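# Notes for the structure review
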Amino acid sequence: MARQTAFERYVLPESNVLFRVARSLTRNTADAEDLMQDTLIRACGAIDRFVGRYPRAWLLTILPSSSEDNPDHHTRQSGSLHRPTAHQARTRADVRWRAAADSQAVGLGWFG
């Protein structure tokens, strides 16, 4: 079966379910759309290996792995995934940068 035909037959009919699950995981429409897009891209790339049984189960196994592959995009907090705000992301990056700079400074003997 051609890749496009398989995608249209198995993946597209499940897109509403995928979006609802992505929305419940991210609790944010924009993040759910990103997660959905990542999932559809992965599904398209793997459709040749799909055997044609239980497409919803197959797609739902791809969905969470798409969010876990980018830990800075989604973080786990109190049992759900959420995207940090821009301020939180800048703060986290700043903290990591300062920690790295401090450890180098200590290693060089700049601080005691």
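What comes next is a walk through the structure. Computed from a prediction, not measured in an experiment: that's the story for all the values here.

### Some details on the nonpolar core
The biggest cluster of nonpolar side chains holds 13 residues, and the ones touching the most others in it are Val11, Ala43, Ile47, Phe50, Trp58, Leu59 and Ile62. Of all the elements in the fold, those that place two or more residues in this core are helix H1 (3-11), helix H3 (29-46) and helix H4 (55-68). The element best represented in this core is H1, accounting for four residues. Those residues in contact with Trp58 that lie beyond four places of it in its chain are Val11, Ala43, Ala46, Ile47 and Phe50.

### Quick look at the packing of helix H2 (residues 15-26) against H3
Taken N-terminus to C-terminus, the directions of H2 and H3 make an angle of 130°; their axes are 8 Å apart at the nearest point. By the angle between their axes, H2 is oblique relative to H3. In terms of crossing hand, the pair formed by H2 and H3 is right-handed. Here Ser15, Leu18, Phe19, Ala22, Arg23, Leu25 and Thr26 of H2 lie close against H3, whose contacting residues are Thr29, Asp31, Ala32, Glu33, Leu35, Met36, Thr39 and Leu40. Partitioned by chemical class, the residues of the contact of H2 with H3 number eight nonpolar, four polar and three charged.

Rules of the game
Residues numbered from 1 in each chain as written. Predicted model: local features only at pLDDT ≥ 70, side-chain atom pairs only at ≥ 80, totals over all residues. Heavy atoms only, no water. Core = buried A, V, L, I, M, F, W, Y, C linked by side-chain atoms within 4.5 Å. Buried < 20%, exposed > 50% of the residue type's maximum accessible area, 1.4 Å probe, protein only. Helix = DSSP H or I, 4+ residues; strand = E, 2+ residues; numbered from the N terminus. Contact = heavy atoms within 4.5 Å. Axes fitted to C-alpha atoms, helices over the stretch in contact; angles between N-to-C directions. Parallel < 35°, antiparallel > 145°, perpendicular 65-115°, else oblique. Left-handed = near helix turned anticlockwise from the far one by under 90°. Nonpolar A, V, L, I, M, F, W, Y, C, P; charged D, E, K, R; others polar.

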